[in-house]
Amino acid sequence: MNDTNPNKSELQFLTLAYNRFYDIYDEVMDDDFWDKTDWERFSKIKQAFSIYTELLNYEPLKLVIEKLKQTRPPMESEIGSELFKFVRNVVAHFPFFKSWDKFQQESIK
């Protein structure tokens, strides 16, 4: 793999991942999203975090994050990427919650 040019398989993965992430983003931003059940909303948010975190593992995106560390305000990129990874790991590896509301309520305690 070249650091800047994805091969055919990587390009296919990135296209699928970006498209799915933005499909979920569009769905979440729609007012009708809030009419869905707690479980449906939680599942969509969980999927978005999982996809985003997987994309962060892609080497060229790591280079962008490193560049952001140098050019953006202190800790902005570290907090953003690590926060996404943390939330993704909690909802993926500790399936204690059935809705986003329950996750938030328990996280605040």
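Everything below is about the structure shown above.
Quick caveat, the model's predicted, so the values are computed rather than measured.

Participant: Any chance you could break down the overall build of the chain for me, citing the residues and the numbers?
Facilitator: Check the secondary structure of the chain and you find five helices and zero strands. Starting at the N terminus, the α and β elements of the chain follow one another as α-α-α-α-α. A buried classification covers 28% of the 109 residues belonging to the chain. Pairs at least 24 residues apart make up 64% of the contacts formed inside the chain by residues separated by at least 6 positions.

Participant: Explain the packing of aromatic side chains to me, using residue names and the numbers behind them.
Facilitator: Between two aromatic rings, the relevant description is the distance of the centres plus the angle of the planes. Going through the model one piece at a time under the given rule, you end up with five aromatic pairs. With a centroid separation of 5.3 Å and an interplanar angle of 80°, the aromatic rings of Phe33 and Trp34 are classed as edge-to-face. Taking relative accessible area as the criterion, Phe33 reaches 2% and is therefore assigned buried. A centroid spacing of 6.0 Å and a plane angle of 45° characterise the contact between Trp39 and Phe42, whose relative ring orientation is tilted. Taken together, the positions of Trp39 and Phe42, both in helix 2 (residues 38-56) and three residues apart, correspond to about one turn of that helix. Taking the relative accessible area as the measure of exposure, Trp39 reaches 48% and is therefore partly exposed. Taken together, the aromatic side chains of Phe21, Tyr22, Tyr25 and Tyr52 make up a single cluster linked through ring pairs.

Reading guide: rules and limits
Residues numbered from 1 in each chain as written. Predicted model: local features only at pLDDT ≥ 70, side-chain atom pairs only at ≥ 80, totals over all residues. Heavy atoms only, no water. Helix = DSSP H or I, 4+ residues; strand = E, 2+ residues; numbered from the N terminus. Buried < 20%, exposed > 50% of the residue type's maximum accessible area, 1.4 Å probe, protein only. Contact = heavy atoms within 4.5 Å. Phe/Tyr/Trp six-rings, centres within 6.5 Å; stacked < 30°, edge-to-face > 60°.

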